[in-house]
Every structure is written in structure tokens, then in C-alpha cells.
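# Architecture and fold: a report
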Amino acid sequence: MTLKLFTLLLEAALSTLGISLVSIAIGFVIAMLLSAGMQSGKSIYILPARLFISFFRGVPLLVQLLLIYTLLPVIGINVPGIVAAIVGLSLCTAAYQAENLRGGFEGVPRGLIEAADVAGFSATQTFLRIRAPIALRLTFPALVNEAIMILKSSSLVSVVGIIELTKMAQDLASSTYLPLPIFASAALIYFVINSVIALLGRYAEKSLKGATA
Amino acid sequence: MLKRQFMKAAAVGAMLLATSLSAHADDILAKVKAAGVLKVGTETAFAPFDFIDAGEHKGLNVDFFAELGKDLGVKIEWVELPWDSVLPSLEAGKFDIVAGPATITKARIARYRMTAPIAEASVAILKKAGDSSITKPADIAGKAVGVGKATAQLEQLKEYSAKLPEKVNIKEYVSFNDAYADLAAGRIVAVANSLPNIAFVAKQRNGAFEVVTPSFGAKTYFGFIGTKDDDHKTLVDYVDNEIIAMKKDGRLAKLQEKWFGTSFDTPDSVPNPEF
């Protein structure tokens, strides 16, 4: 396997990484909104949030991507492949992250909230200063896990015309007839990226613990 | 009563949809010229028409549309998708035309507007070199044969299989490249695909594979695919004329020679397919 082939794989890995990180970030914002909706106690927020979560957690990502790419144009929204890829991944991960956050918020000790109430904290203050930081800390390992899952799931976005690491590896393997070294290299690149994410995650988790201890 | 209201609502909905659709109506060729870009959809796992050679998109289609782009004065933008999503994406307006190309079949010309043929597409068998158990197409009876999912070759193979004394064990693949890989790995004994494709594969992997002649089934041709709607008519007409023009001045034969190692005599218009 030549250096040129490996460089091509690395270039494709960059688009895998870029799409995944952007989607994780957008997904996190949506997940926070969903989570806030679920905790609002008002059914006009809870029901749509539940529907969103069940839909995007219940339908395979591949089907979601194809829906966004080929069905939205029917109602006049013709999104390019890259947008379809990011929207699909973001909505899917948002549903999972919202469930993780729910677990985190449920894990906040009741006593702390009551104490805050007694100390005269407003609901917003309690949320921002006590519940959110603790929930986030509890959710963090799951969030890192989700980032790794999305990075691997991003191999599906080739169905909307995006060349990412897996598609590039397939194309190169079929034109060079060197499937073994090429797929092994692709596996190595995925492994290295995900290890770095896991390490950064552990580091961030430690400093989060320090900050809220 | 309720039913009537529902029907009314449905009628209004349909009218709204129809008007919003016709509001978009516009001549695609004019749009392409104005934008200076022709968007062409294809899959890149169909050598020698479209494939990735060490990261570069190459093949007869790339050369053909480069010529067409020159003549039309526009840039060509490729949208590369797995074959499964190429036709739905054409209907969704993701690109202007499909370079596919696809075998011209009855079902396809019923739904799409296909261009004049660019090559012959009759189906033949590719086997592992030195496999003496397959010397003629009929020898695949009862054996595991790979073919592309949702392809015309699959239809031809099914029809052919039904005529054999023992049915062929047909394995469907998302891309033909996977089928060739399984042939090399010995999971299947043959791949059924159009003659130009397997001739190219046999040439590329010198010594590993062999083509089993003659081809079987109906004589078929490859054409590019456009939609049947009025917006696309002028564009598909243009591509049609370009194919005829390139056939007349010998450019098409040269491309076929370059990519298949042989040139084909193809009809000037879409032939009436047998199946």
C-alpha cells in the first residue's frame, strides 16, 4: 500500500471527523432543549419531546438519512448531501443524548435541590448552578460513548453522496485489489481517532469532577 | 359527512401540491446553462463506466460528460451515490441526469426517459481463471452466482435461471465490486454482469478471472437516465443528440475502444427492449 492511498484515507477521515464532531455538538444543544422540555412538567413540551426521541431512536439512521435526502425535496426542501448527513446524525444523536441527560438529571440527589430551595435559590438558579452541572458530570461518560458511536455511524453517510473514511476505503479496495491493507488502515485510523476522543473524555471528566467536587 | 370533508381536504391538498410543483416548472437545460454547472448523478462502483482509481473518479462516463460539458460550455459536477439511492435521488431533483448508465429495459422506459444507447449491455458470466466446471453459460445451473441488487442483469439472470434444468443459486450484492471480491474469495463461482463490465474486470485483474462467452439472454443496451417530466425534456434531448454526434464523428467509438478494448455498434435511438 502506497503513501498516496494512506493520505487519501486520512483525508476522508477528516471529513468523517468533521461531520461527526459538528453533529455531536448540534445534537447536544438539541438534547439539552429536549431534556428541558421533558422536565418542564408541561405536556405541550413533554409530548413533542417524547415523540422526537422515540422517532429518532426508533428508526434506523440509514432510513433517516435517506428520508432527509430524498423525501424532503417532495415538500420543496432540497438539501445538499452534506446538510442531509449532518442533520441526520445530529437529530439521531440528539435523541440518544437526551435520554442520557434524563438519566443524569434523575441522578441529582433530591436533598441538594431541597437544600437549594431552602437557601432561597430560584428554579433557574437551581438548574444552572446545581442540577445542570451535576447531571452533566453524571452524563459525561455516556456522552463520550455517544461521540464514539456517532463517529462510527458516520460511515453510513455515503448513502447521501458523502465520501468518508469507510466509503473511501471501499472505493480504494475495489480499484487497487488490496482490501486487506486498506481496510486494516481504515480500522487503525478509526481506532486512533476514537482512542483520542476517549482519552480527552477521561481528562475532561477528571477536571469536571475537580470543578464540582 | 366526515368522509366528504376529508375528501374535500384531500382535494385541496392535492391542488396545493400540484400548484406548488408546477410553480417550480422550469426548463432544466436553461437552468444548467445559466448556472454553468450540470449535476450528474452516478455510482462509482461500476467499472469501466464509473469507478475510483486510487482516489480519482474515472471511466467512460467521466470522459463522455467531460466532452459534453465542453460542447455545452458548462462544468460537470458529479454526485456519487450507492446505486440503490441513485434513481430515488434523481426523482428528488438531487441532480439533472444519471450517468449510471443502466440497461434499457421495459420497466425503466416506462418510468424514466432513457437516452440513446452508449454501449451494448448483454449479460455474460465471469468466472475464476482455470475453473473448468464452467465452460458455457448453462454450466452455472445449480451454482452460486453473484449479481447486483436492483439491476437489469439480475432480471436477465432470473429469467435465464428459470430455463435451466436446475435453478441458479442467485446472490444479490449492493455493488458489483463486492460480488467480484466474493468470486475471488471463492464464496461464489461466477458473477453475471454486462459484457463491457466483466471484460474490463478480467483485463484489470489479469489472470485472476475469465469471461465465459457467449452472452446469454436478450440483446440489451446501456443508456443514461433522465426523468420524463417536461422540465427535463430539452436536457435529455441534448444528451441524446450529443451521443449521436459523438457516434458520427467517432469520439464514442474511441471512448469504447479506450474503456472496453472494443467498440460496439449501437442503434441511434432507444430500441424496443425485449424485457
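First, a word on scope: everything that follows refers to the structure included in this document. (Residues numbered from 1 in each chain as written. Chains lettered and ligands numbered in written order. Predicted model: local features only at pLDDT ≥ 70, side-chain atom pairs only at ≥ 80, totals over all residues. Heavy atoms only, no water.)

### Quick look at the pattern of salt bridges
Residue and element names in this part refer to chain B. The condition that has to hold: By definition, a salt bridge exists where a carboxyl oxygen of Asp or Glu is found within 4 Å of a side-chain nitrogen of Lys or Arg. Labels follow the DSSP assignment, with helices taken as runs of H or I lasting at least four residues and strands as runs of E lasting at least two, numbered in each case from the N terminus. For the exposure calls, accessible area comes from a 1.4 Å probe over protein chains only, and a residue counts as buried if that area is under 20% of its type's maximum, exposed if over 50%, partly exposed in between.
A complete count under the given rule lists 19 salt bridges over all chains for this structure. For Arg113, the salt bridge identified is with Asp237, shortest N-O distance 2.8 Å. One end of the pair, Arg113, is in strand S7 (residues 113-114); the other, Asp237, is in helix H9 (residues 230-248), with 124 residues separating them in the sequence. What makes Arg113 partly exposed here is its relative accessible area of 22%.

### Remarks on helix H10 (residues 251-260) of chain B
Residues and elements named next belong to chain B. To be explicit about the condition: The arc in question is traced by the directions running from the helix axis to the C-beta atoms. Any two residues having at least one pair of non-hydrogen atoms within 4.5 Å are treated as being in contact.
For H10, the complete set of buried residues consists of Leu252, Leu255, Gln256, Trp259 and Phe260. Within H10, the buried residues cover an arc of 100° as seen down the axis, which keeps them to one side. Structurally, H10 contributes buried residues whose contacts are with strand S3 (50-53), strand S4 (56-58), helix H3 (60-72), strand S8 (119-120), helix H8 (195-204) and H9. Note on H10: the residue one or two positions beyond its end, Gly261, has a positive phi of about 80°.

### Focus: empty space enclosed by the protein
Residue and element names in this part refer to chain B. Put simply, the rule reads: Residues are said to line a cavity or pocket when one of their atoms sits within 4 Å of a point; the points come from a 1 Å grid over protein atoms alone, cavities being sets where a 1.4 Å probe fits but cannot get out and pockets being open sets with protein on both sides within 12 Å along at least five of seven lines. Grid points are joined across faces, edges and corners, and a volume is the space filled by probe spheres set on the points. In this count, Pro and Cys sit with the nonpolar residues alongside Ala, Val, Leu, Ile, Met, Phe, Trp and Tyr, while Asp, Glu, Lys and Arg are called charged and the others, Gly among them, polar.
Taken as a whole and assessed by the stated rule, the structure comprises 1 cavity of 30 Å³ or more. As a volume, the largest cavity reaches approximately 140 Å³. Lining the largest cavity are 18 residues; nearest its centre among them are Glu43, Phe46, Trp83, Thr151 and Phe176. No other element matches the 4 residues that strand S6 (residues 97-103) contributes to the lining of the largest cavity. Considered class by class, the residues forming the lining of the largest cavity number 9 nonpolar, 6 polar and 3 charged.

### Brief notes about the interface of chain A and chain B
Rules: Accessible area that two parts lose when put together, evaluated with a 1.4 Å probe and summed over both, is termed the buried area. Between N or O atoms, a polar contact is any pair within 3.5 Å; within protein, one atom must be a potential hydrogen donor and the other a potential acceptor, and residues adjacent in sequence are included only when both atoms are from side chains.
Between chain A and chain B, the contact holds 21 residues from the first and 19 residues from the second. Carbon and sulfur atoms make up 55% of the surface buried where chain A meets chain B, a total of about 1,600 Å² over both sides. Summed over the three residues of chain A that lose the most area to chain B, namely A:Tyr69, A:Ser175 and A:Tyr177, the buried surface amounts to 30% of that side. Our count for the contact surface shared by chain A and chain B stands at 0 salt bridges. In this structure, the connection of chain A to chain B is made through 10 residue pairs in polar contact (both at pLDDT 80 or more). Put simply, the parts of the chain that give the side of chain A that touches chain B at least two residues each are helix H1 (3-39), helix H3 (61-71) and helix H7 (165-176) of chain A. Of the residues forming the side of chain A that touches chain B, the biggest block, 5 residues, is contributed by H7(A). Tallied by class, the residues present in the side of chain A that touches chain B amount to 12 nonpolar, 6 polar and 3 charged.

### Description of unusual backbone geometry
All names here are of chain B. Put simply, Gly100 and Pro101 share a cis peptide bond, and its omega is -15°. Secondary-structure assignment places Pro101 in strand S6. Phi at Ala54 is positive, roughly 50°, even though this residue is not glycine. By the element assignment, Ala54 lies in the loop between S3 and S4. Even without glycine at this site, Ala150 takes up a positive phi of about 60°.

### As for the sheet that holds strand S13 (residues 209-216) of chain B
What links the strands of a sheet is backbone hydrogen bonding, and the strands pair in either a parallel or an antiparallel sense. Residues and elements named next belong to chain B. The test is simple: Two strands are said to pair when DSSP picks up at least two bridges between them. A fitted line through C-alpha atoms represents every axis, and for helices the fit uses only the stretch in contact; the resulting angles, taken between N-to-C directions, go from 0 to 180 degrees.
Strand order in the open sheet made by the 5 strands is S11-S10-S12-S9-S13, with mixed pairing throughout. Only two strands of the sheet have a single partner each, and these edge strands are strand S11 (169-173) and S13. With strand direction ignored, the average angle separating the axes of adjacent strands in the sheet is 30°. Two elements, strand S10 (residues 144-148) and S11, share 5 bridges in a ladder whose sense is parallel. Its bridge partner being in S11, Gly146 is matched across the sheet by Lys171. Contacting strand S9 (123-128), S10, S11, strand S12 (190-194) and S13, helix H7 (residues 176-185) runs over the sheet at an angle of about 150° to S12. Against the sheet, H8 contacts S9, S12 and S13, and its axis sits at roughly 125° relative to S12.

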